[in-house]
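Okay, here's what each chain looks like letter by letter:
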Protein chains: 2
Amino acid sequence: MVVDQLREDELDRLFQAFADSTRRDIVRRVTVGEYSVSGLAALYAMSFAAVQKHVAVLERASLVTKEKRGREQIVRGNHEGLQKARRLLDEYEAIWRQRVDRIADILAEG
Amino acid sequence: MVVDQLREDELDRLFQAFADSTRRDIVRRVTVGEYSVSGLAALYAMSFAAVQKHVAVLERASLVTKEKRGREQIVRGNHEGLQKARRLLDEYEAIWRQRVDRIADILAEG
DNA sequence: CTGATCTACAACCATTTGGTTGTACGATAG
DNA sequence: CTATCGTACAACCAAATGGTTGTAGATCAG
């Protein structure tokens, strides 16, 4: 086994990151606009530290990047993670379509 | 707030379900072939009960369905969950493209 | 310089997660 | 009928998750 452990871990982190509505909202916002960590924190009914942790989870998943600007840390959307997640789901969709085609073939044969 | 709590919870469950390599493998397998719960359990280095729990997580996320056949429970892939997950990532991709277009516009103006 | 702001990080807590073993029960094979 | 198989479910455990408060270091405004 141990097919491609690095990629598997990467995908674990990616989907785990998406599995929280606050984090999904952060991703949407930082894709459209520019936010510091505290700018984001102001949007949610939770502590600054909690939002900071959410951003860290997104960063580890390559869904956002942080860039220091003065005393602020600007959070930006990172297309890389999103693309990887989409690519995986596209693979699954392809497997599904192959399966449907195969069943169609069997029906055509019979 | 409380935009669409049901959908948010649904998405939480969906991405949470994808955030585990064993579960991703189960989804792939049951999309292609037919497996009972114990048939799946035989594939992994963990207990039957553990696999049973993974299947339950996938079922709650609408990624698989179970169907009783004699004393076996047949697990099958369910396109519904996969589609919903893909749809969300497509939305994010669209947001990203809009952002890129907007930047292009600004550059064109300037 | 001083005070306010932004961030990082540690420590703590409750709940969830991913695993285990054990028990029980319906369905099937012999 | 009896033994076995496939499943369900409870109880338990360690680790991870999602939140909190508190402390401390940079950076900026006045």
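About the criteria used
- Residues numbered from 1 in each chain as written.
- Chains lettered and ligands numbered in written order.
- Predicted model: local features only at pLDDT ≥ 70, side-chain atom pairs only at ≥ 80, totals over all residues.
- Heavy atoms only, no water.
- Salt bridge = Lys/Arg side-chain N within 4 Å of Asp/Glu carboxyl O.
- Helix = DSSP H or I, 4+ residues; strand = E, 2+ residues; numbered from the N terminus.
- Buried < 20%, exposed > 50% of the residue type's maximum accessible area, 1.4 Å probe, protein only.
- Least-squares fit on C-alpha atoms with pLDDT ≥ 70 in both.
- Pairing = 2+ DSSP bridges.
- Near = heavy atom within 4 Å.
- Polar contact = N/O pair within 3.5 Å; in protein donor to acceptor, adjacent residues only side chain to side chain.
- Nonpolar A, V, L, I, M, F, W, Y, C, P; charged D, E, K, R; others polar.
- Phe/Tyr/Trp six-rings, centres within 6.5 Å; stacked < 30°, edge-to-face > 60°.
- Lys NZ or Arg CZ within 6 Å of the ring centre and 35° of its normal.

Novice: An account of the pattern of salt bridges is requested, with residue identities and associated values reported.
Specialist: A full pass over the atoms with the stated rule returns 27 salt bridges over all chains. The salt bridge involving A:E8 is made with B:R24; its shortest N-O contact spans 2.8 Å. Residue A:E8 is found in helix α1 (residues 5-18), and its partner B:R24 is found in helix α2 (residues 21-32); the two belong to separate chains. On the accessibility criterion, B:R24 (0% relative accessible area) is buried. Of the charged contacts, one joins B:E59 and B:K66 as a salt bridge, the two residues approaching to 3.8 Å between their closest N and O atoms. On the basis of relative accessible area, B:E59 is assigned to the partly exposed category, the value being 33%. Residue classification places B:K66 among the partly exposed positions, given a relative accessible area of 33%. In the salt-bridge network here, residues are joined through shared partners; they are A:E34, A:E67, A:R69 and A:R76.

Novice: Tell me about the relation of the copies chain B and chain A, residues and numbers included.
Specialist: Expressed as a screw operation, the relation of chain B to chain A combines 0.0 Å of axial shift with a rotation of 180 degrees, fitting to an RMSD of 0.0 Å. Such a combination of turn and shift is consistent with a two-fold rotation axis.

Novice: Provide a residue-level description of the pairing of strand β3 (residues 72-77) of chain B, including the pertinent values.
Specialist: Residues and elements named next belong to chain B. Both strand β1 (residues 35-36) and β3 contribute to a ladder of two bridges, which runs antiparallel. Bridge pairing in β3 links Y35 to V75. The sheet contact formed by strand β2 (residues 64-69) and β3 spans six bridges and is antiparallel. Bridge pairing links K68 to Q73 in β3. The antiparallel hairpin formed by β2 and β3 contains two residues in its connecting segment, where G70 sits at a positive phi of about 65 degrees.

Novice: Outline the protein's contact with DNA strand C, supporting the account with residue identities and numerical values.
Specialist: Around DNA strand C there are 21 residues in total, and A:S38, A:Q73, B:S47, B:K53 and B:H54 lie nearest to it. In DNA strand C, the atoms that sit within 4 Å of the protein are 61% sugar and phosphate, with bases accounting for the remainder. The backbone of A:V37 places a nitrogen or oxygen atom 3.3 Å from a phosphate oxygen of DNA strand C. Between DNA strand C and the protein, one listed contact pairs a phosphate oxygen with a side-chain N or O atom of A:Q73 at 2.5 Å. Counting only elements with at least two residues in the surface near DNA strand C, the list comes to α3 (37-41), α4 (48-60) and β3 (72-77) of chain A together with α4 (48-60) of chain B. Residue classes in the surface near DNA strand C are distributed as six nonpolar, eight polar and seven charged.

Novice: Got a sec to walk through the packing of aromatic side chains? Specific residues and values, please.
Specialist: Across all of its chains, the model carries five aromatic pairs over all chains by this definition. Ring geometry for A:F18 versus B:Y92: centroids 5.8 Å apart, planes at 80 degrees, classification edge-to-face. Residue A:F18 is located in helix α1, and its partner B:Y92 is located in helix α5 (residues 79-109); the two belong to separate chains. For the pair formed by A:F18 and B:Y92, the shared burial category is buried. An aromatic cluster of three or more residues is present, and its members are A:F15, A:F18, A:Y92, B:F15, B:F18 and B:Y92. The residue whose ring lies beneath A:R99 is A:W96, and the NZ or CZ to ring-centre distance is 4.7 Å.

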